[in-house]
There are 2 protein chains.
Amino acid sequence: MINRFCKMPLWECSTKLADVAMGRAPADMVITNAKLVNVCTHEIQENIGVAISCGRIALVGDAAHCIGPDTKVIDAEGQYITPGLLDGHMHIESSMLSANEYATAVVPHGTTGVYYDPHEICNVLGIPGVELMIRDAARTPLKAMLTSPSCVPAVPGFEDSGCVVTSEDIAREMQRDEVVGLGEMMNFPGIVGSAEETHKITGNTLKADKVVTGHYSIPETGRGLNAYVASGVRCCHESTRAEDVLAKMRLGMYAQLREGSAWHDLGVICKAITEHQVDSRFACMISDDTHPFTLARDGHLDHIIRRAISFGIDPITAVQMVTINTATCYRMDHELGSVTPGKCADIVFVKDLEHFEVTRVIIDGEVAAENGRLSAAIEPLDYPEWAMNTMHVGETITPETFRIPTEKKDKATVRVIEIIPAHVSDIERRAELKVVNGCLESDTEQDVLKTFVFERHHNTGKHGVGFVKGFHITCGAMASTVAHDAHNLLVVGSNDEDMALAANTLIQCGGGMCAVSNGKVLGLVRLPLAGLMNPKPNAEVAADVEQLTKAWAEIGCNIVSPFMTMALIPLACLPDLRLTDRGLVDCNRFTFVPLEAEE
Amino acid sequence: MINRFCKMPLWECSTKLADVAMGRAPADMVITNAKLVNVCTHEIQENIGVAISCGRIALVGDAAHCIGPDTKVIDAEGQYITPGLLDGHMHIESSMLSANEYATAVVPHGTTGVYYDPHEICNVLGIPGVELMIRDAARTPLKAMLTSPSCVPAVPGFEDSGCVVTSEDIAREMQRDEVVGLGEMMNFPGIVGSAEETHKITGNTLKADKVVTGHYSIPETGRGLNAYVASGVRCCHESTRAEDVLAKMRLGMYAQLREGSAWHDLGVICKAITEHQVDSRFACMISDDTHPFTLARDGHLDHIIRRAISFGIDPITAVQMVTINTATCYRMDHELGSVTPGKCADIVFVKDLEHFEVTRVIIDGEVAAENGRLSAAIEPLDYPEWAMNTMHVGETITPETFRIPTEKKDKATVRVIEIIPAHVSDIERRAELKVVNGCLESDTEQDVLKTFVFERHHNTGKHGVGFVKGFHITCGAMASTVAHDAHNLLVVGSNDEDMALAANTLIQCGGGMCAVSNGKVLGLVRLPLAGLMNPKPNAEVAADVEQLTKAWAEIGCNIVSPFMTMALIPLACLPDLRLTDRGLVDCNRFTFVPLEAEE
């Protein structure tokens, strides 16, 4: 794949690089006295110099002869250098930050490239939303490599999103320079079931010689996984068992081991590497979804590397899993993913491998960050009104809106979505609820809460109704316009008044997340950009998120990143039971199911 | 890179593959009961089935449900299966066989794909010669993936070839479907020296998103190698020391470990793998040049795998080095190089890994060979007259042609090319010769022989004169029109009469190789196709070659594949001293040097 994410294409500067390597022309920058983490040979090389010109690496080894009077010389003072870290699958929107603030947050942690799938903004604003994100990201040093959203809506026919992406859209999107592949093909039932339009979406990607990324979230590694891989899907980040990872690698699929803010899969699934003597070239590590507080406190891929090392993965292997393996997955290893001649000069300095503390980040031969801060501030984009005003709920929400009438007399058995903290899966349960005044009510003693999803894109007035378990709140309500993937307005609560307050709070502020109790807003994260993101700096957004987390705790919920888990309640491409604006979906059989169930 | 070497592009058959994997449609072929050499994870998997449809792999694992009434079922009976073997750099012309006879010879040995550089025929016939080879190869099951000749002539200004390839030619050639990259960039001095036209040749390849293959033949791994790699050269097969291999891999270059008929590098250079605990993903094995007798007696990549194992390379690693590593080098690993779903169904059956005896070869889902024989014969191509009549020497050659007058009286010191058996390098020596009748003569006692190179493409009447050492003949003469890379008429001999006979024998038969003595032709291999190849089957050509080898021995030469070593005498891109039709070339300083030298 031609790499469009560089200062200059190699064919325009190869003579200059040869001149620099040979000592006939001075380098723009020379790094001296570094320990190179060589991801090609899995070695540490001592006392290495790197000469850089035109944003690319001209020489690795003894670079003394490349230094001229105007060459910027950086003495690594014996620190380690690694290739720039690459996140092979992630959603910028999960950070709640704009693309430029996201870059500002992650680049100082060593991330020089992300393969991002902006399917959240695409669900709300369509292709224009994607274009807005491209424009926003382009002004940052981060290589924001686009995988074009493939499943908008996530599961057609089961939800209402702001936009629909067709196979013709994909054929057109693949012509963009910024697009390196297809975003996660979550519609694995469509692939496995040979659905024509779904295969046209992957097929149009393959025809454009770009990479199809995957999302195969069921613990089935036989026929279905084979059918999925055979259809040309190159990687998948949805493994929750070590055997899933192994099965994917054995089938030549890049297994992207995930460690997101809310989904802590790595500790379990990295056993595929640590407990088997397998070649790890088909293993990568990715973040998928990282919330602002994690970025502020822990970091990004540097944090994931530290986690990997703590789980027993060899440090060089861990670095390979976010550099050369990822670049090879995208067939961009001739341009990215290693500190070798000709490649983009994307280089990370770390004090030591164990703690992986990033001290300096070079992108395209420029110092992009030092000591935890971006070198140059990026002016925020002036986001257009259509992107900042996206709450189009077609009904006036009052406490009465949340009444759930039933024909049952005393008790009713209902289907309940039980969330699993720190995992993306849920479990379908049954609960027996008392009938009060002909209606079903939340029951905090059983931890069973009313849940509503309101369509918010086209004023249709549709809403779906369900119950959820696992948040352990004792009072109040929560709401969110981050509600995957259609990002309708999701409300969970213990009582109708607070649920109405939560919903209306978000409608009024243009979207976001909040927790309320007894008529009071305890925490609010405003996300006016598509109802998903806040253009402010991460420090501010993270502070709001922290306050919201405290608010959640105040009403009784103490799970990790509860809003991320809550936001998956409507995501019908994950098992078992989900709630969209159209109703409850059995996500194993892909049918709507009624709220009330047989015992 | 879009793979054009398949029965059907994946986007046209992905629904069918999913149907087969799921058991909704029967497979075309199912392999049962195999031990899979999994090159992705470096494992052996027992009792594996493979389902095949549309020439591609639909499923790997338990394939029983994919069998329908018309499915061809192959019971592997516990044999190993590996991906089809890929030769990452080779010249079909070295086999002296036409492309179709080459395929007939190598496919039964497990070779399913070659990345071939037809620069020999291109030097003689230009692009039309390359097109002829494309047509010839296309009728065979072998995936003949073209790397477009980059250096025709090999070292511009130092020899006369039949054709000149420019950077504009390369830009045009890169648009061909059959072209996957640029053939070996032998003009490394041009790359390292930032020569504009040379960089345009590599640049036009990079611009077309294809792979630049290399040839960096000097034992210098510092500035020069860095400059070469930085210019975008992705692989190199010219390593004669383990440290060269290591240096290339460390710089992110695919080190292609060579084991040709005449150049036995592997034993020494594989120590880069066996004696260092490095990741071997950047190591491949290639043949470069294999002569007919080797193909007939030893095989091809199967033989190289056996050699590698005998040198201590782990068998699975050895298989990786001719499958997935090679495919990844060419960024075709999404299509070739592993037995995994979606890939071309190119599969090799071997009895055991140690002896690597190939019993069956499947290409694009069809049995291409069984028990050492191609399944279907290929009708020979009717080669055009312009390709079969290429001896255009512009002077009448007589014994007098070979007189070398000197101004010296009794003795003269001359430069001598000393060949190194089984290696591509040579050494520049000095020899003191007696002057006889005002002329320099061959001196068999010192093993110093007259050597002439006659231009044979454009009737220019040019010839170059030198001396060579190392063949140990005691009488007679040898001649060859296989004389890299310009393939002019090369003659080496002990006396002028036999030299004239040898030269005229080849002129009369349209090119080839011969050994003569005392006015008698002892051995002759006719190569009428471009003076390089013989359209007859390998058995016949190999018999002629064997007879020629005996003839060489008869006149005193016992080195391995002497004609291959002799054929490199004019190759000015290799060190140290070479002879072209224009004269003696110092190949380290790239200047012509006189025959007579200071003592």
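Given the structure is predicted, the values throughout are model-derived calculations rather than measurements.

Student: What am I meant to see in the overall build of chain A here?
Tutor: Broken down by element type, chain A carries 19 helices and 30 strands. Against the compact-globule benchmark of 25 Å for 599 residues, chain A has a radius of gyration of 24 Å, which places it among compact chains. C-alpha extents for chain A along the principal axes are approximately 90 × 50 × 45 Å. When each of the 599 residues of chain A is scored for burial, the buried share is 69%. Taken as a whole, chain A presents about 18,600 Å² of accessible surface, with 48% of it coming from carbon and sulfur. Across chain A, the mean location of the 50 positive side-chain charges is 2 Å away from that of the 79 negative side-chain charges.

Student: Honestly, the nonpolar core in this entry has me stumped. Any pointers?
Tutor: A general tendency of soluble globular proteins is for nonpolar side chains to be buried together. A:Phe471 and B:Phe471 are the most contacted members of the largest nonpolar core, which totals 461 residues. Non-local contacts of B:Phe471, meaning those with residues more than four positions away in its chain, are made with B:Ile419, B:Asp447, B:Leu449, B:Met478, B:Trp552, B:Gly556, B:Cys557, B:Ile559, B:Pro562, B:Met566 and B:Ile569.

Student: Teacher, can you tell me more about the sheet that holds strand E28 (residues 577-580) of chain B here?
Tutor: For sheets, the rule is that strands pair by backbone hydrogen bonds, running either parallel or antiparallel. Residue and element names in this part refer to chain B. Pairing in this open sheet of three strands is antiparallel, and the strands run E28-E29-E30 from one edge to the other. Looking along the sheet, the strands with just one partner apiece sit at the ends: E28 and strand E30 (591-593). With strand direction ignored, the average angle separating the axes of adjacent strands in the sheet is 45 degrees. Judged from the three bridges that link them, strand E29 (residues 583-586) and E30 form a sheet pairing that is antiparallel. For Leu584, the partnering residue across the bridge sits in E30 and is Val593.

Student: Could you clarify how one ought to interpret the sheet that holds strand E21 (residues 439-440) of chain B in this entry?
Tutor: Residues and elements named next belong to chain B. A sheet is described by the order of its strands in space; here 10 strands give the open sequence E18-E21-E20-E19-E23-E22-E25-E24-E26-E27, paired in mixed fashion. Each edge of the open sheet is held by one strand with a lone partner, namely strand E18 (404-405) and strand E27 (520-526). Relative to strand E26 (residues 512-517), helix H17 (residues 496-509) is tilted by about 150 degrees, and along the sheet it contacts strand E22 (448-454), strand E24 (477-480), strand E25 (489-493), E26 and E27. Lying over the sheet, helix H18 (residues 538-554) contacts E24, E26 and E27, oriented at roughly 145 degrees with respect to E27.

Student: What am I meant to see in the side chain of B:Arg258 here?
Tutor: All names here are of chain B. With respect to the helices and strands, Arg258 occurs in strand E12 (residues 254-258). Assessed through its relative accessible area of 0%, Arg258 is described here as buried. Here Asp288 takes part through its side chain, which lies 2.6 Å from a polar atom of the side chain of Arg258. When residues no more than four places from it in sequence are discounted, the contact partners of Arg258 are His237, Glu238, Trp263, Asp265, Leu266, Ile269, Ile286, Ser287, Asp288 and Val424.

Student: Explain the interface of chain B and chain A to me, please; I cannot follow it from the model alone.
Tutor: Interface size is commonly expressed as the accessible area that is lost once the parts come together. With 62 residues of chain B at the interface, the matching set in chain A holds 62 residues. For the pairing of chain B and chain A, the buried interface totals around 5,200 Å² over both sides, and the portion due to carbon and sulfur atoms is 57%. Counting the surface chain B buries against chain A, the share from its top three residues, B:Arg223, B:Arg250 and B:Arg281, is 13%. Note that A:Arg250 and B:Glu43 form a salt bridge whose closest N and O atoms lie 2.7 Å from each other. Joining chain B to chain A, the criterion identifies 28 residue pairs in polar contact (both at pLDDT 80 or more). Going through the elements one at a time, helix H1 (10-22), strand E2 (43-53), strand E3 (56-61), helix H6 (188-192), helix H7 (196-207), helix H8 (223-230), helix H9 (242-250) and helix H15 (324-329) of chain B are the ones with two or more residues in the side of chain B that touches chain A. For the side of chain B that touches chain A, the element with the highest residue contribution is H1(B), accounting for nine residues. For the side of chain B that touches chain A, the per-class residue count stands at 26 nonpolar, 23 polar and 13 charged.

Student: I'm lost on the packing of aromatic side chains in this one. Help?
Tutor: Aromatic ring pairs are reported here in terms of the distance separating the ring centres and the angle at which the planes meet. Residues and elements named next belong to chain B. Considering all chains together, one arrives at 20 aromatic pairs over all chains under this definition. Ring centres of Phe471 and Trp552 lie 5.8 Å apart, and the angle between their planes is 50 degrees; on these two criteria the pair is classed as tilted. Remark: Trp552 occurs in helix H18 and Phe471 occurs in the loop between strand E23 (463-469) and E24; sequence separation between them is 81 residues. By relative accessible area, Phe471 is classed as buried at 0%. The ring of Tyr80 carries the charged tip of Lys35 above its face, separated from the ring centre by 5.2 Å.

Student: Which parts of the structure should I look at to understand the relation of the copies chain B and chain A?
Tutor: What relates the two chain copies is a rotation about an axis together with a slide along it. Once turned by 180 degrees and shifted 0.0 Å along the axis, chain B lies on chain A with an RMSD of 0.1 Å. The symmetry that links the two subunits is that of a two-fold axis. Within chain B, B:Arg331 has its C-alpha nearest the rotation axis, a separation of 3.1 Å. Taken as a fraction of all interface residues of chain B, those also at the interface in chain A reach 100%, which identifies the copy contact as same-surface.

Student: Explanation requested: H7(B) in the structure shown.
Tutor: Residues spaced three or four apart along an α-helix face the same direction, because each turn holds 3.6 residues. Between its first and last C-alpha, H7(B) extends 16 Å over 12 residues, near the 16 Å set by a 1.5 Å rise per residue. Backbone geometry just after H7(B) places B:Asp209 at a positive phi near 60 degrees.

Student: It is not clear to me how the confidence of the model for chain A should be interpreted in this structure. Could you clarify?
Tutor: Low pLDDT means the predicted coordinates in that region are not meant to be read closely. Residues at a pLDDT of 70 or more form 100% of chain A, whose mean pLDDT is 96. With a pTM of 0.94, the predicted complex shows an ipTM of 0.94.

Student: Looking at this model, I keep getting lost on the side chain of A:Ser239. Mind explaining?
Tutor: Residue and element names in this part refer to chain A. Along the polypeptide, Ser239 turns up in the loop between strand E11 (233-236) and helix H9 (242-250). By relative accessible area, Ser239 is classed as buried at 1%. Every residue in contact with Ser239, bar those within four places of it in the chain, is listed here: Asp244, Val245, Lys248, Asp265 and Ile269.

Student: Just checking my understanding: could you explain H1(B) for this structure?
Tutor: Under the 1.5 Å per step criterion, the end-to-end length of H1(B) is 17 Å for 13 residues, consistent within 8% with the ideal 18 Å. Considering bend angle alone, the principal kink of H1(B) is centred on B:Lys16 and spans about 30 degrees. Residues of H1(B) that are buried sit in contact with helix H6 (188-192), helix H7 (196-207) and helix H8 (223-230) of chain A together with E2 and E3 of chain B. Taken from the residues just after H1(B), B:Gly23 is the one with a positive phi, measuring 90 degrees.

Student: Looking at this structure, I do not really get the packing of helix H1 (residues 10-22) of chain A against H8(B). What am I missing?
Tutor: To characterise two packed helices, one gives the angle between the axes of the helices and the distance between these axes. Between H1(A) and H8(B), the shortest axis-to-axis distance is 8 Å and the interhelical angle comes to 175 degrees. Here H8(B) runs roughly antiparallel to H1(A), going by the angle between their axes. Contacts between H1(A) and H8(B) involve A:Leu10, A:Leu17, A:Ala18, A:Ala21 and A:Met22 from the first element and B:Arg223, B:Gly224, B:Asn226, B:Ala227 and B:Ala230 from the second. Its residues assigned to classes, the contact of H1(A) with H8(B) comprises seven nonpolar, two polar and one charged.

Student: Even after reading the chapter, I still don't get the pairing of E22(B), so can you show me in this structure?
Tutor: Moving residue by residue along a regular strand, the side chains alternate between the two faces of the sheet. Residues and elements named next belong to chain B. Judged by how many residues are buried, E22 sits mostly within the fold: seven of seven residues are covered. Here E22 shows two buried faces, one formed by Val448, Lys450, Phe452 and Phe454 and the other by Leu449, Thr451 and Val453. Where E22 lies against E23, seven bridges are found, and the strand directions are antiparallel. Bridging across to E23, Val453 finds its partner in Gly464.

Student: Would you take a moment to explain the environment of A:Thr82 for this structure?
Tutor: Residue and element names in this part refer to chain A. In this fold, Thr82 is placed in strand E5 (residues 80-83). Classification of Thr82 as buried rests on a relative accessible area of 0%. Between the C-alpha atoms of Thr82 and Val516, which are 434 residues apart in sequence, the distance is 46 Å. In contact with Thr82, not counting residues within four places along its chain, are Val37, Val319, Val339, Asp346, Ile347, Val348, Val350 and Phe356.

About the thresholds
- Residues numbered from 1 in each chain as written.
- Chains lettered and ligands numbered in written order.
- Predicted model: local features only at pLDDT ≥ 70, side-chain atom pairs only at ≥ 80, totals over all residues.
- Heavy atoms only, no water.
- Helix = DSSP H or I, 4+ residues; strand = E, 2+ residues; numbered from the N terminus.
- Rg over C-alpha atoms; globule rule 2.2 N^0.38 Å.
- Buried < 20%, exposed > 50% of the residue type's maximum accessible area, 1.4 Å probe, protein only.
- Areas by Shrake-Rupley, 256 points an atom, 1.4 Å probe, with all protein chains shown as cover.
- Lys, Arg positive; Asp, Glu negative; His and termini not counted.
- Charge placed at Lys NZ, Arg CZ, Asp CG, Glu CD.
- Core = buried A, V, L, I, M, F, W, Y, C linked by side-chain atoms within 4.5 Å.
- Contact = heavy atoms within 4.5 Å.
- Pairing = 2+ DSSP bridges.
- Axes fitted to C-alpha atoms, helices over the stretch in contact; angles between N-to-C directions.
- Polar contact = N/O pair within 3.5 Å; in protein donor to acceptor, adjacent residues only side chain to side chain.
- Buried area = accessible area lost by both parts, 1.4 Å probe.
- Salt bridge = Lys/Arg side-chain N within 4 Å of Asp/Glu carboxyl O.
- Nonpolar A, V, L, I, M, F, W, Y, C, P; charged D, E, K, R; others polar.
- Phe/Tyr/Trp six-rings, centres within 6.5 Å; stacked < 30°, edge-to-face > 60°.
- Lys NZ or Arg CZ within 6 Å of the ring centre and 35° of its normal.
- Least-squares fit on C-alpha atoms with pLDDT ≥ 70 in both.
- Expected span 1.5 Å × (residues − 1).
- pLDDT = per-residue confidence, 0-100.
- Bend = angle between axes of the 7 residues up to and from the residue.
- Parallel < 35°, antiparallel > 145°, perpendicular 65-115°, else oblique.

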